[in-house]
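Now for the letters of each chain:
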Amino acid sequence: MQWRIDAGDQTVALATSGGIPEVIWWGPRLPETEDLAQLAAAQSNDLTGGMLDRLPALSLSPEPGRAFQGQPGHLLAEADGTPLNPAFSFDRAEVTPGRLTLISRADGLTLSHHLAAEANGTIRLKTTLDADRKVRVHWLAAPVLPAPQSGDMIDVHGKWIGEFHLIRTPWTPGIRLREARTGRSGHEHPPYLILAGDGCTNTQGQALALHYAWSGGHRMVAEELPDGRRQVQFGAPIGAETTPATRFETAELLAVCSTTGLNGIGAAFQTDIRDRVVQWPEPARPRPVHYNCWEAVYFDHKLETLAEIATRAAALGAERFVLDDGWFGKRDDDTTSLGDWTIDRAKWPDGLHPLIAHIHSVGMTFGLWFEPEMVNPDSDLYRAHPDWMLGPADQTTGRFQMVLNLALPEVRENLFQQVSAILTEYPIDYVKWDHNRLLPVVDTAQTHGIYDLLSRLRAAHPSVEIETCASGGGRIDAGILAHTHRVWLSDSNDALERLRMQHDAALFLPAAVTGSHVGPRHCHTSGRVLPMAFRAWVAAQRHMGFEMDLRELTEDEALTLARITRWWKDNRGWMLSGTILRLDADDPAVTTELQLAADGSRFVVFAGQAETSRQILPRPLRLTGLDPEARYSVTLINPEDAPRQSRGPNTLKAGPLTLTGRALMTRGILLPVVWPATMWVVEGRKL
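The following paragraphs examine the structure supplied in this document. For every chain, the first residue of the written sequence is number 1, and numbering continues from 1 along that sequence. Local features are withheld for residues below a pLDDT of 70 in this predicted model, meaning they are given only at 70 or higher, and side-chain atom pairs are given and counted only at 80 or more; totals for whole chains, interfaces and linings count all residues. Values reported for side chains reflect all heavy atoms of the structure, with hydrogen atoms and water molecules removed beforehand.

### Focus: the overall build of the protein
Along its length, the protein carries 14 helices and 35 strands. Scaling as 2.2 N^0.38, a compact globule of 687 residues should have a C-alpha radius of gyration of about 26 Å, and the protein matches this with 26 Å. The dimensions of the protein, computed from C-alpha atoms along their principal axes, are 80 × 70 × 40 Å. By residue count, 60% of the 687 residues in the protein fall in the buried class. In this text, helices come from DSSP runs of H or I with a minimum length of four residues, and strands from runs of E with a minimum of two, each type numbered from the N-terminal end. The globule rule used for comparison is 2.2 Å times the number of residues to the exponent 0.38, while the radius of gyration itself is calculated over C-alpha atoms. Each residue is assigned to one of three classes by its accessible area relative to the maximum for its type, calculated with a 1.4 Å probe on protein chains only: buried under 20%, partly exposed between the two thresholds, exposed over 50%.

### Looking at the sheet that holds strand 16 (residues 219-224)
Should DSSP find at least two bridges between two strands, the strands are regarded as paired. In space, the four strands of this open sheet follow the order 10-17-16-13, with antiparallel pairing throughout. In this open sheet, the two edge strands, each paired with only one partner strand, are strand 10 (145-146) and strand 13 (174-179). As defined by bridge partners, strand 16 adjoins strand 17 (residues 230-235) across six bridges and the pair is classed as antiparallel. Counted as the bridge partner of Val-221 is Gln-233 from strand 17.

### Some remarks on the side chain of His-113
In this fold, His-113 is placed in strand 8 (residues 109-117). Judged by its relative accessible area of 0%, His-113 is buried. What His-113 contacts, discounting residues up to four positions off in sequence, is Ile-20, Leu-60, Ser-61, Leu-100, Thr-101, Leu-102, Lys-126, Thr-127 and Pro-143. Pairs of residues are marked as contacts when any of their non-hydrogen atoms sit within 4.5 Å.

### Remarks on the side chain of Glu-163
With respect to the helices and strands, the residue Glu-163 is situated in strand 12 (residues 162-170). Whenever a nitrogen or oxygen atom comes within 3.5 Å of another N or O atom, the pair is scored as a polar contact, on the condition that within protein one atom can donate a hydrogen and the other can accept it, and that pairs from neighbouring residues in sequence are kept only if both atoms are in side chains. Side-chain polar atoms of Glu-163 contact the backbone nitrogen of Gly-473, separated by 3.1 Å. Apart from the residues within four sequence positions on either side, Glu-163 is in contact with His-157, Gly-158, His-187, Ser-471, Gly-472, Gly-473, Leu-489, Ser-490, Asp-491, Arg-500 and Met-501.

### Observations concerning the sheet that holds strand 3 (residues 22-28)
To summarise the sheet geometry, strands pair through backbone hydrogen bonds and adopt either a parallel or an antiparallel arrangement. Spatial strand order, 1-2-3: three strands in an open sheet with antiparallel pairing. Of all strands in the sheet, those with a lone pairing partner are strand 1 (2-7) and strand 3, marking the two edges. Here the strands of the sheet are splayed against their neighbours by 15 degrees on average, with no regard to which way each runs. In terms of strand pairing, strand 2 (residues 10-15) meets strand 3 through six bridges, oriented antiparallel. Looking at strand 3, one finds that Val-12 is bridged to Trp-26. The convention used is that axes are lines fitted to C-alpha atoms, helices contributing only their stretch in contact, and that angles between N-to-C directions extend from 0 to 180 degrees.

### Focus on the packing of helix 10 (residues 495-505) against helix 11 (residues 532-539)
Close contact between helix 10 and helix 11 brings their axes to 9 Å; oriented N to C, the two are set at 25 degrees. By the criterion of interaxial angle, the relationship of helix 10 to helix 11 is roughly parallel. Seen along the crossing, helix 10 lies across helix 11 with a hand that is left-handed. Every residue of helix 11 that contacts helix 10 at Ala-495, Leu-496, Arg-498, Leu-499 and Gln-502 is listed here: Phe-534, Arg-535 and Val-538. Side-chain classes follow a simple rule in which Ala, Val, Leu, Ile, Met, Phe, Trp, Tyr, Cys and Pro form the nonpolar group, Asp, Glu, Lys and Arg form the charged group, and the remainder, Gly included, forms the polar group. Partitioned by chemical class, the residues of the contact of helix 10 with helix 11 number five nonpolar, one polar and two charged. By the definition adopted for this analysis, an angle is roughly parallel if under 35 degrees, roughly antiparallel if over 145, roughly perpendicular if from 65 to 115, and oblique otherwise. For any pair of crossing helices, the crossing counts as left-handed if the nearer helix is rotated counterclockwise from the farther one by less than a right angle, and right-handed if it is rotated clockwise.

### Some words on helix 5 (residues 353-361)
When we look at burial in helix 5, the residues that qualify are Leu-355, Ile-356 and Ile-359. Relative to the axis of helix 5, the buried residues are bounded by an arc of 95 degrees and lie together on one face. Packing partners of the buried residues in helix 5 comprise helix 4 (303-316), strand 21 (320-323) and strand 22 (365-370). Trailing helix 5 by a residue or two, Gly-363 shows a phi angle of about 90 degrees, which is positive. It is the directions from the helix axis to the C-beta atoms whose arc is reported.

### A closer look at the pattern of salt bridges
Just to be clear on terms, a salt bridge is a Lys or Arg side-chain nitrogen sitting within 4 Å of an Asp or Glu carboxyl oxygen. One pass over the full model with this rule turns up 52 salt bridges. The partner of Arg-331 in a salt bridge is Asp-325, with the nearest N and O atoms 2.9 Å apart. For Arg-331, a relative accessible area of 0% translates into the label buried. Its salt-bridge partner being Arg-622, residue Asp-586 comes within 2.9 Å of it at the nearest N-O pair. Of this pair, Asp-586 sits in the loop between strand 30 (579-582) and strand 31 (590-596) while Arg-622 sits in the loop between strand 32 (602-609) and strand 33 (631-636), and the two are 36 residues apart along the sequence. Within this structure, Arg-285, Arg-287, Arg-320, Asp-429 and Glu-465 form a network of salt bridges that share partners.

### Some remarks on the packing of aromatic side chains
Here is the rule: rings of Phe, Tyr and Trp (six-membered ring for Trp) pair when centre to centre is within 6.5 Å. Planes less than 30 degrees apart are stacked, more than 60 are edge-to-face, and the remainder are tilted. Within this structure, the stated rule accounts for 20 aromatic pairs. When the ring of Phe-269 is compared with that of Phe-508, the centres are 6.1 Å apart and the planes differ by 35 degrees; the resulting orientation is tilted. One end of the pair, Phe-269, is in helix 2 (residues 262-277); the other, Phe-508, is in the loop between helix 10 and strand 28 (514-518), and 239 residues separate them in sequence. Residue classification places Phe-269 among the buried residues on the basis of a relative accessible area of 0%. Relative to Tyr-298, the ring of Trp-294 has its centre 4.7 Å away and its plane inclined at 70 degrees; by these criteria the two rings are edge-to-face. Relative accessible area serves as the criterion here: at 17%, Trp-294 is assigned to the buried category. What links up through ring pairs into an aromatic cluster is the set Trp-327, Phe-328, Trp-341, Trp-369 and Phe-370. Note on geometry: a ring has a charge over it if NZ (lysine) or CZ (arginine) is within 6 Å of the ring centre and within 35 degrees of the ring normal. The ring of Phe-416 is capped by Arg-456, whose NZ or CZ atom sits 4.0 Å from the centre of that ring. Above the face of the Trp-488 ring, Arg-498 is positioned so that its terminal group lies 4.5 Å from the ring centre.

### Considerations on the pairing of strand 26 (residues 465-468)
Here strand 26 shows two buried faces, one formed by Glu-465 and Glu-467 and the other by Ile-466 and Thr-468. After leaving strand 25 (residues 430-433), the chain enters helix 8 (residues 444-460) and then returns to the sheet as strand 26, a path that is right-handed. In this structure, strand 26 lies alongside strand 27 (residues 486-488), joined through two bridges in parallel fashion. By the bridge assignment, Glu-467 is partnered in strand 27 with Arg-486. Viewed with both strands pointing away, a crossover whose connecting path from the first strand over the helix to the second turns clockwise is right-handed.

### Digging into the packing of helix 11 against helix 12 (residues 555-575)
Their axes nearest at 9 Å, the elements helix 11 and helix 12 cross at an angle of 20 degrees. Accordingly, the angle class assigned to the pair helix 11 and helix 12 is roughly parallel. Note that helix 11 runs across helix 12; the crossing there is right-handed. Contact residues: Met-532, Ala-533, Arg-535, Ala-536 and Trp-537 in helix 11; Glu-557, Thr-560, Leu-561, Arg-563, Ile-564 and Trp-567 in helix 12. Of the residues belonging to the contact of helix 11 with helix 12, the class tally is seven nonpolar, one polar and three charged.

### Section: the environment of Val-256
Mapped onto the elements of the fold, Val-256 is located in strand 19 (residues 253-258). In this structure the C-alpha to C-alpha distance between Val-256 and Ser-61, which are 195 residues apart in sequence, comes to 20 Å. In this structure Val-256 touches Gln-10, Trp-26, Thr-122, Ala-207, Leu-208, Ala-209, Ile-265, Ala-268 and Phe-269, once residues within four positions along its chain are discounted.

Spelled out as structure tokens, the structure:
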């Protein structure tokens, strides 16, 4: 028996000869005339010396105890810990348009593999296990997929203030294992994998990619078997299911395919996150320019100071003011009061009403910071309920805080009541939801608990947007984004660091959800001093905001920030609904991308000079994603940023050029000479 499921330019085809089905094709869309029986027959391998007399199937869940020589897709036990090695037999398929469920059974266990096609080209995959008695799951993989025989793996590594580094690894015999055991998707290895074909670049070549939509940590296995076959598995970390149950399920594994290089992967994931995963309170509402006060005042909250800063922020173009950490309990530093979500009357004797009234009077809305999953030992909540902690009592704290056990209904109810009371009393349209420490244990129940709490709060306050922050980019995945609307990519506001991070994160995240702020002149996380124009243009690549003491700005800096903010507001409608395409720059000193409108009628190129180039003059910059036969007017919109050493007759400095898409994508454009920490911005319109 064979089946296929198609989504956009992608096909997954499967077959079974009586056991758990296996994937016989994952790649570019097959012709409708493809004979799946012949395709399955083409997968039959030979045998040779040193092998068993039958090659064990690389199925959707490779079975332990069935002579499979690689990592199994499930590890099960009876409730008392006795190992279970069921021999599953295929039972039936449930097929509806765009949906396929393949069901296998053994010894009172039902193993189901679910595949669903999305119109945007994504295929969603999930595994469920049902039992007629309570059993234990040590490991359960989402549907296991074969990996191609050519190319490399690209996955993601990061750290605090240094997120989203792409790591390219060649296949070798054995295992590449990445396991996030910090209780969140993590800075260290977030749940993404790209399988890039030979010669794949940003703009050309074939690639496959996976994104595990789960926020509580994960395990990724990329394995080349002794016989040469390759498999990829994703699931929760080993042992994350801590209690026996009669039903278990993985998170969804999102699969995409590209024949247009890494940009095809990025375009598919960007569209899926923006248009399906995120549930916008008001989809038609323009994304507002943020002002966040954290790096201006930290915990030192004074009404007069914040009101003055709010007035300046509004004058510069900000549309939402976010009051960060320090407004609650007795929160004068980070050692106290997490868990006590009541107004600090020493700082705010009249509550937040006077500040919010002023913010509204200057035309901005109001947002507020919370960190509800955490608690300080020095808090009323901890003193009243020390039994609400997750993990052992003698655990090491992180940032002077511990974690609340969100698997407990009474904990979720307490947090719901506290947070909801603030959202009810005050006109708040935005919550920055932080998560600033690693979890002491790994337990899927904790993640289900935060999803439940966020769902309840969103139902009670449907107009409130929520940002997910976890010491910056420590929890960014489709699981948390199904309950939130913005990610804080990094606690670094250093524009040079952000330039690279944003570039690499564009393979997974759309601009509409990626927060990016103009930081202080003297960066608080790197010590760098960078020009205002560069800082502002880097923020304008994504969902723009400011985060600095605006009273420090010179007149020139304020004018520059206001001008670039006006530009972003004029263009955000088409930019945030468009696609970010990374360019194949021939100069490694330049980080560059093209943002293309959904209808292809216009684009903007951001070319960031991160360091001094080796050659004397800029290399041509080849564009992508354009209609080769169309003519485009191309304009450099910030020629004033050219340094004094730029003294030649570069045409773009003087005015627009008109070129075909083919010329722009083949030869490219020549930009002026530039200093490091400069961003060239080039607009293009189809004529």
